[in-house]
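The chain contents come next:
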Amino acid sequence: MAGNLIARSVHDLTAAAWFGGSLMGAIGLNGAAAEAKDPSERTRLSSAGWMKWAPFQTAAFASHLVADLAIAWENKGRIAKQDGVARDTVIKTAVTVVGAAVTLYSGILGKKVEKLAAEGAQGATEPRPDASDELKAAQQQLKMLQWAIPAFAGAVIVLGAKHGEMQRPKNVFAGLRS
């Protein structure tokens, strides 16, 4: 079997972890934390869950980048010669990097929310009316980012599938530049 099965598997599994982990966190973890009876527990529990996930997310990102480099190295000739592959590689790389930055920023905001947990909240991303401006701002940003992150991760998965489709022999042949 020609190719790089291990790198492709790591690439896809780590993107799946990013997508699934972020979506489960937004829906499951944040949703469950909002059910806590004590308002100060809502942000604390959500933050604790996200902090337990953070090392795995970091490892997934690092592994994803290593796998990306291995796949790019294996396909360097195709990237250079097949029409559209270099462009799509740049786009996928940009989406991955921006998505990783958004995920990192979300973690920074989450630490801020954790620090202010004693103020209480209506939910992990829903401030109480009497919350400090700092907590309100962080939670409002997190409310948007919790949906942006799986969108980035999903886009990376779709772009990876597109790269796979571009490797079909008929597509390689049609896209070869002379």
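Cut-offs applied
Residues numbered from 1 in each chain as written. Predicted model: local features only at pLDDT ≥ 70, side-chain atom pairs only at ≥ 80, totals over all residues. Heavy atoms only, no water. UniProt positions renumbered as here; feature names shortened; annotations may be inferred. Helix = DSSP H or I, 4+ residues; strand = E, 2+ residues; numbered from the N terminus. Patch = residues over 30% accessible without salt bridge, like charges linked within 9 Å, V, L, I, M, F, W, Y side chains within 5 Å. Areas by Shrake-Rupley, 256 points an atom, 1.4 Å probe, with all protein chains shown as cover. Salt bridge = Lys/Arg side-chain N within 4 Å of Asp/Glu carboxyl O. 1 Å grid on protein atoms, 1.4 Å probe; cavity = no way out; pocket = protein on both sides within 12 Å on 5 of 7 lines; lining within 4 Å. Points joined across faces, edges and corners; volume = space filled by probe spheres on them. Nonpolar A, V, L, I, M, F, W, Y, C, P; charged D, E, K, R; others polar.

Let us look at the UniProt feature "transmembrane region" (unreviewed entry) in the chain. The UniProt entry lists residues 144-161 under the feature "transmembrane region" (unreviewed entry), expressed in the numbering used here. Secondary structure across residues 144-161 divides into 100% helix and 0% strand, with the first and last C-alpha atoms of the span separated by 26 Å.

Our focus in this paragraph is a nonpolar patch on the surface. The grouping of Leu 104, Tyr 105 and Ile 108 at the surface amounts to a nonpolar patch, some 300 Å² of accessible area in total. Examined against the element boundaries, Tyr 105 turns out to sit in helix α4 (residues 85-115).

Here the focus is the layout of surface pockets. Of the voids in this model, the largest pocket is the one considered here, and its volume is about 580 Å³. Surrounding the largest pocket, 30 residues form its lining, Trp 50, Thr 103, Ser 106, Gly 107 and Ile 149 being those nearest its centre. It is helix α2 (residues 39-74) that provides the largest number of residues to the lining of the largest pocket, a total of ten residues. With six residues, α4 is the largest single contributor of residues to the lining of the second largest pocket. Residue composition of the lining of the second largest pocket, grouped by class: eight nonpolar, eight polar and five charged.

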